[in-house]
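Architecture and fold: a report
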Amino acid sequence: KSTTVSNIDGSINNMEEDVEEDVVDLAANSLLNKLIRQSLVESSHRVEVLQKDPSSPLYSVKTFEELRLKEELLKGIYAMGFNRPSKIQEMALPMMLAHPPQNLIAQSQSGTGKTAAFVLAMLSRVNTLELFPQCLCLAPTYELALQTGRVVERMGKFCVDVQVMYAIRGNRIPRGTDVTKQIIIGTPGTVLDWCFKRKLIDLTKIRVFVLDEADVMIDTQGFSDQSIRIQRALPLECQMLLFSATFEESVWQFAERIIPDPNVIKLRKEELTLNNIRQYYVLCESRKDKYQALCNIYGGITIGQAIIFCQTRRNAKWLTVEMMQDGHQVSLLSGELTVDQRASIIQRFRDGKEKVLITTNVCARGIDVKQVTIVVNFDLPVNQAEEPDYETYLHRIGRTGRFGKKGLAFNMIEVDKLPLLMKIQDHFNSSIKQLDPEDMDEIE
Ligand code: ADP
């Protein structure tokens, strides 16, 4: 919704700019994560395993060789630069490749190796002599399906007889076409159409069914029901695998409906903490005043890279323009950009092409730029009720205890917002010191 307001001088204000960017698009975030991911995400937790049959032996592998994969598949894995299985792959791969096949529900944060694991399972189970769909993977969006397909193509580079096809909107297949590709990746709606209406896929011949990003899936109207309809038509012996980055009750309920007799694997997320972050606040009168304080801080200490958070697009834009006019190299990341544009801005920032990244709430999550030493809350994160948004504060500033470096955080506070800051301080039971922006000796 966009409300346009004409000013007295005839200019037009687009009120949309004032929207707080706190509506998180799960699918877009997930895609962004994939686009900017460079390596595995670590976790110091142990993998938790719940076997459907607790008396059966539990295998884990430390090398890919132990999995006795086809030569060309192993080659593909090494060509991707994988040396050893990730933490969840150690446990998940033996289960996924077992005979007879076992069903699995796996949850771990994005970046821990889930996609690579199920792609490997699909590739290893394809019978290349049979030219019909054998593995079916459901993804929440067109773009996410393509991303997974790319992994299949890379890992299966040397499996020349294995082919992928996308069941996504816009991929028009003439009626009566004989689909010979063994791996199908698609969104629930189109897959349903291909299976039931157009009869391009015979579900009774599917031997591996993957439901990826279950948490994003159930967030989309209709996808749960469509997925369940597809699942109901699969043969009993079909292996069913479900993956999710988060595991709220709703995801769990869905997972249990769709995956019969599952093994369950979980890897808890590394907790964020404020322990190794020094937090300060500066009292300000106005936006201009905040900007001045920011410049003083910026000039006063040697800064690696900084991320500055604003509550609205409008503030973020304003600040970007101000800083640019003062000769700083900054970039602006906001929700109106496409996911590809966001990914490229984050990439440039990571490469050190800009020292300052200005952004809104939408982008607070998931950006993990290790070299950032300073985070600035140009506006405090608040929710609709004008109460502090503790979770967002933690996501902006917190680091993981074990892998995170030390950091500095600055809050620019208008006097009337001070009570909010005090609430944040109490909530986290951590101290946020007042800073005189004219006197930076305090910090260094
Ligand atoms: P998820 O599906 O949990 O988000 P991915 O499978 O996409 O995780 O893996 C995250 C990143 O780590 C990707 O860049 C992927 O290529 C890489 N990766 C996955 N498994 C391994 C491994 N065993 N060794 C090294 N890198 C890996």
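See above for the structure.
As the structure is a computational prediction, the values presented were derived from the model and not from experiment.

Some details on the site of the ligand
In the neighbourhood of the ligand, 17 residues make up the surrounding shell, with Arg84, Gln89, Gly111, Lys114 and Thr115 lying closest. Take Gly111: an N or O atom from its main chain is 2.6 Å from an oxygen atom of the ligand. Lys114 has a polar side-chain atom sitting 2.9 Å from an oxygen atom of the ligand. When isolated, the ligand has an accessible area of 550 Å², and the protein chains bury 83% of it. Tallying contributions element by element places helix α4 (residues 114-125) first for the shell around the ligand, with 3 residues.

As for helix α11 (residues 313-325)
Taking 1.5 Å of rise per residue, 13 residues should cover 18 Å, and α11 covers 18 Å from first to last C-alpha, within 8% of that figure. Taken residue by residue, α11 has Arg313, Asn315, Ala316, Trp318, Leu319, Thr320, Glu322 and Met323 as its buried positions. The positive-phi residue at the C-terminal boundary of α11 is Gly327, with phi of around 85 degrees.

Observations regarding the packing of aromatic side chains
For the structure shown, the criterion picks out 8 aromatic pairs. With a centroid separation of 5.1 Å and 40 degrees between ring planes, the pair formed by Phe118 and Phe243 is classed as tilted. Here Phe243 lies in strand β9 (residues 239-244) and Phe118 lies in helix α4, a separation of 125 residues in the sequence. Side by side, Phe118 and Phe243 carry an identical accessibility label, which is buried. Three or more aromatic residues joined by ring pairs form one cluster here, namely Tyr291, Trp318 and Phe378. Over the face of the ring belonging to Phe158 we find Lys75, whose NZ or CZ atom lies 4.6 Å from the ring centre. Above the face of the Trp252 ring, Lys266 is positioned so that its terminal group lies 5.8 Å from the ring centre.

Examining the packing of helix α8 (residues 223-232) against helix α9 (residues 249-258)
In contact at an axis separation of 10 Å, α8 and α9 are set at 20 degrees when each is read in the N-to-C sense. Between α8 and α9, the angle falls in the class roughly parallel. Judged by the sense of rotation from one axis to the other, the crossing of α8 with α9 is right-handed. Residues Ser224, Ser227, Ile228, Gln231 and Arg232 of α8 form the contact with α9, whose own contacting residues are Phe254, Arg257 and Ile258. Here the residues of the contact of α8 with α9 are counted per class, giving 3 nonpolar, 3 polar and 2 charged.

Describing the nonpolar core
Counting 79 residues, the largest nonpolar core has Met96, Leu120, Met122, Met155 and Ile183 as the members making the most contacts within it. Ranked by residue count, the leading element in this core is α4, at 8 residues. When neighbours within four sequence positions are excluded, Leu120 is seen to be in contact with Phe64, Leu69, Leu73, Ile77, Leu93, Leu97 and Met155. Counting residues in hydrophobic clusters, the runner-up holds 34 residues, among them Val179, Met217, Met240 and Ile259.

Section: the sheet that holds strand β19 (residues 432-434)
Pairing in this open sheet of 7 strands is parallel, and the strands run β14-β15-β13-β16-β18-β12-β19 from one edge to the other. Each edge of the open sheet is held by one strand with a lone partner, namely β14 (330-333) and β19. Mean inter-strand twist for the sheet, computed between neighbouring axes without regard to direction, equals 25 degrees. The sheet contact formed by strand β13 (residues 305-309) and strand β16 (residues 372-377) spans 5 bridges and is parallel. Directly across from Ile308, in β16, lies its bridge partner Val376.

Details of the sheet that holds strand β7 (residues 183-186)
Backbone-to-backbone hydrogen bonds pair the strands of a sheet. The strands run either parallel or antiparallel. With mixed pairing, the 8 strands of this open sheet are ordered in space as β3-β10-β4-β9-β8-β5-β7-β6. If you trace the sheet from one side to the other, it starts and ends with β3 (47-50) and β6 (164-167), each paired once. Each strand of the sheet is rotated relative to its neighbour by a mean of 15 degrees, with strand direction disregarded. In this sheet, strand β10 (residues 263-267) lies alongside strand β4 (residues 104-108) in parallel orientation, the contact comprising 5 bridges. Across the sheet, residue Leu104 finds its bridge partner in β10, namely Asn263. The sheet strands contacting helix α3 (residues 87-96) are β3, β4, β9 and β10, and the helix crosses β10 at an angle near 170 degrees.

Here's the deal with the pattern of salt bridges
What the rule picks out here adds up to 15 salt bridges. Lys317 is the partner of Glu336 in a salt bridge, and the nearest nitrogen-oxygen pair spans 3.6 Å. Of this pair, Glu336 sits in the loop between β14 and α12 (339-350) while Lys317 sits in helix α11, and the two are 19 residues apart along the sequence. Among the residues examined, Lys317 registers a relative accessible area of 28% and is labelled partly exposed. Glu414 serves as the salt-bridge partner of Lys417, at 3.8 Å between the closest nitrogen and oxygen. Overlapping salt bridges, with partners in common, bring together Lys290, Asp379, Glu414 and Lys417 in one network.

Cut-offs used in this document
- Residues numbered from 1 in each chain as written.
- Predicted model: local features only at pLDDT ≥ 70, side-chain atom pairs only at ≥ 80, totals over all residues.
- Heavy atoms only, no water.
- Near = heavy atom within 4 Å.
- Polar contact = N/O pair within 3.5 Å; in protein donor to acceptor, adjacent residues only side chain to side chain.
- Areas by Shrake-Rupley, 256 points an atom, 1.4 Å probe, with all protein chains shown as cover.
- Helix = DSSP H or I, 4+ residues; strand = E, 2+ residues; numbered from the N terminus.
- Expected span 1.5 Å × (residues − 1).
- Buried < 20%, exposed > 50% of the residue type's maximum accessible area, 1.4 Å probe, protein only.
- Phe/Tyr/Trp six-rings, centres within 6.5 Å; stacked < 30°, edge-to-face > 60°.
- Lys NZ or Arg CZ within 6 Å of the ring centre and 35° of its normal.
- Axes fitted to C-alpha atoms, helices over the stretch in contact; angles between N-to-C directions.
- Parallel < 35°, antiparallel > 145°, perpendicular 65-115°, else oblique.
- Left-handed = near helix turned anticlockwise from the far one by under 90°.
- Contact = heavy atoms within 4.5 Å.
- Nonpolar A, V, L, I, M, F, W, Y, C, P; charged D, E, K, R; others polar.
- Core = buried A, V, L, I, M, F, W, Y, C linked by side-chain atoms within 4.5 Å.
- Pairing = 2+ DSSP bridges.
- Salt bridge = Lys/Arg side-chain N within 4 Å of Asp/Glu carboxyl O.

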